[in-house]
Every structure is written in structure tokens, then in C-alpha cells.
Amino acid sequence: MKLRGLVIVCLLAAARAVTAEPSDGSAFIGEWVMADGSAVVAIAQNQHEWQIRILAVRDPAYTSADDGLQGGAPRVDLHNPDQALRSRGLGQLLIGEGFTLDGDSLTGGRIYDPGSGNNYKSTLTLMPDGLLQVRGFIGISLLGRTMYWYPLAEYEARMTTMLGVVDDTGASPSEP
């Protein structure tokens, strides 16, 4: 009886795997916000590969908080190892390319971090809660770092909710 139940479960799982539609990668396409809110990026498909571009940065100009840099000057690709590219702006900067679809992940690509000037192998994985897990690494995936990106619409909703808690004076509505 137990064996029969196990066989039925296995057959149902196999049938589901065969009839499930393969991911076409469309869930990756769109605008994403880095978890710290520092940038909005767009993921797009170009032929059979996916690319990532910066659309906007939170602070498009350097401020007095940026040590040794002229406040008010536009942010540029300051840490690029190619000195000839250090004066290019961050807007529309291609930071990821070469990704191919592998199930629910984009793999085989490289991602550029303009904050450090480093390039990393990378894997992007859609999480069940809708976040995008971005894993950048050198060599093997164990030697790397993971960050999460929010879909832009979800990030905007979270920010609107948070800001709605604070009134025009900056005090929480529950404060006197």
C-alpha cells in the first residue's frame, strides 16, 4: 500500500515536470532597485543573452560626504581599471552582460561594480518572494557576495508606505 502511494506521487511529480512550462526568462526583464536604494538598473534581453544597465543613481552628483571629491560634480566611473573610461557617467552604464537562461537563473555572465572597478562572474536567481538574488564571485561561487534587488514597483510601494508614516514636520503621527 505504501509502495503504491509512493509510485503515484512519483508519477504525479513526473507528469507535472513534463507539463510545466519552461521559464522564458521574461520575469527577469524590467527595472530593479538595489536593496540599499543606491541605483535602479534595467535587465533586458538582447538576442539570447541578458544585459544589465544602470538607469539612475540615488546621488547623481558627488556631495561633501564623498571625501576628496568635488561636491556637485557628476558621478563618474571613477574606479574603472581602464583610466580612459574613468570620466564616463554612470547613467546608462552597461554593468552586466553575457547571461544566459538556465531554469530560474541567469548564469554565465559577468557583472561590473563601478564602486570598486571590479568585474565578477555572476548568477541571478529569482527568489520565491519576488526578489532577485545577485551572486557575484571570483573563481567559484563560494568566493563571493550575495545581494538582493527589489522589483522597482515593489520598492516604490515600500517607500511610499514608509514615507506615509511620517508627516510634513518629520515627526511620526504618533508623536506629540
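Below: a short report on this structure. (Residues numbered from 1 in each chain as written. Predicted model: local features only at pLDDT ≥ 70, side-chain atom pairs only at ≥ 80, totals over all residues. Heavy atoms only, no water.)

1. Structural notes on the overall build of the chain
A count of helices and strands for the chain gives two helices and eight strands. Starting at the N terminus, the α and β elements of the chain follow one another as α-β-β-β-β-β-β-β-β-α. Relative to its 176 residues, the chain shows a buried fraction of 26%. When the accessible surface of the chain is summed, it comes to about 11500 Å², and 58% of that surface belongs to carbon and sulfur atoms. (Helix = DSSP H or I, 4+ residues; strand = E, 2+ residues; numbered from the N terminus. Buried < 20%, exposed > 50% of the residue type's maximum accessible area, 1.4 Å probe, protein only. Areas by Shrake-Rupley, 256 points an atom, 1.4 Å probe, with all protein chains shown as cover.)

2. A short note on the nonpolar core
Grouped together as the largest cluster of nonpolar side chains are 20 residues, with contacts concentrated most on Val41, Ile43, Ile52, Ile95, Leu124, Leu132 and Trp149. Those elements that provide at least two residues to this core are strand S1 (30–34), strand S2 (39–46), strand S3 (49–57), strand S4 (94–102), strand S5 (105–113) and strand S7 (132–137). In this structure, Leu132 is in contact with Phe28, Trp32, Ile43, Leu124, Thr125, Leu126, Met147, Tyr148 and Trp149, ignoring residues within four places of it in sequence. In terms of nonpolar packing, the next biggest core, distinct from the first, is built from six residues, Leu131, Tyr150, Leu152 and Tyr155 among them. (Core = buried A, V, L, I, M, F, W, Y, C linked by side-chain atoms within 4.5 Å. Contact = heavy atoms within 4.5 Å.)

3. Looking at unusual backbone geometry
Notably, Gln47 is not glycine yet its phi reads approximately 60°, a positive angle. Relative to the helices and strands, Gln47 is located in the loop between S2 and S3.

4. Considering the packing of aromatic side chains
Overall, the coordinates contain one aromatic pair when judged by the stated rule. Between Tyr150 and Tyr155, the ring centres sit 5.9 Å apart and the planes meet at 55°, which makes this aromatic pair tilted. We note that Tyr150, like Tyr155, is buried. (Phe/Tyr/Trp six-rings, centres within 6.5 Å; stacked < 30°, edge-to-face > 60°.)

5. Description of a nonpolar patch on the surface
Residues Ile140, Leu142 and Leu143 make up a contiguous nonpolar surface patch of about 360 Å² in total accessible area. Mapped onto the elements of the fold, Ile140 is located in the loop between S7 and strand S8 (144–151). (Patch = residues over 30% accessible without salt bridge, like charges linked within 9 Å, V, L, I, M, F, W, Y side chains within 5 Å. Salt bridge = Lys/Arg side-chain N within 4 Å of Asp/Glu carboxyl O.)

6. Considering the pattern of salt bridges
What the rule picks out here adds up to three salt bridges. In this structure, Arg88 and Asp77 form a salt bridge, with 2.9 Å as the shortest nitrogen-oxygen distance. On the criterion of sequence distance, the pair formed by Arg88 in the loop between S3 and S4 and Asp77 in the loop between S3 and S4 is long-range, its members being eleven residues apart. For Asp77, a relative accessible area of 0% translates into the label buried. Between Arg158 and Glu154 there is a salt bridge, and its shortest N-O distance comes to 3.1 Å. Of this pair, Arg158 and Glu154 both sit in helix H2 (residues 152–164), four residues apart, roughly one helical turn. Exposure remark for Arg158: the relative accessible area of 47% places this residue in the partly exposed category.

7. What to know about the environment of Leu85
You can see Leu85 is positioned in the loop between S3 and S4. Taking relative accessible area as the criterion, Leu85 reaches 31% and is therefore assigned partly exposed. Sequence-distant contacts of Leu85, that is, excluding residues within four places in its chain, are made with Asp77 and Asn80.

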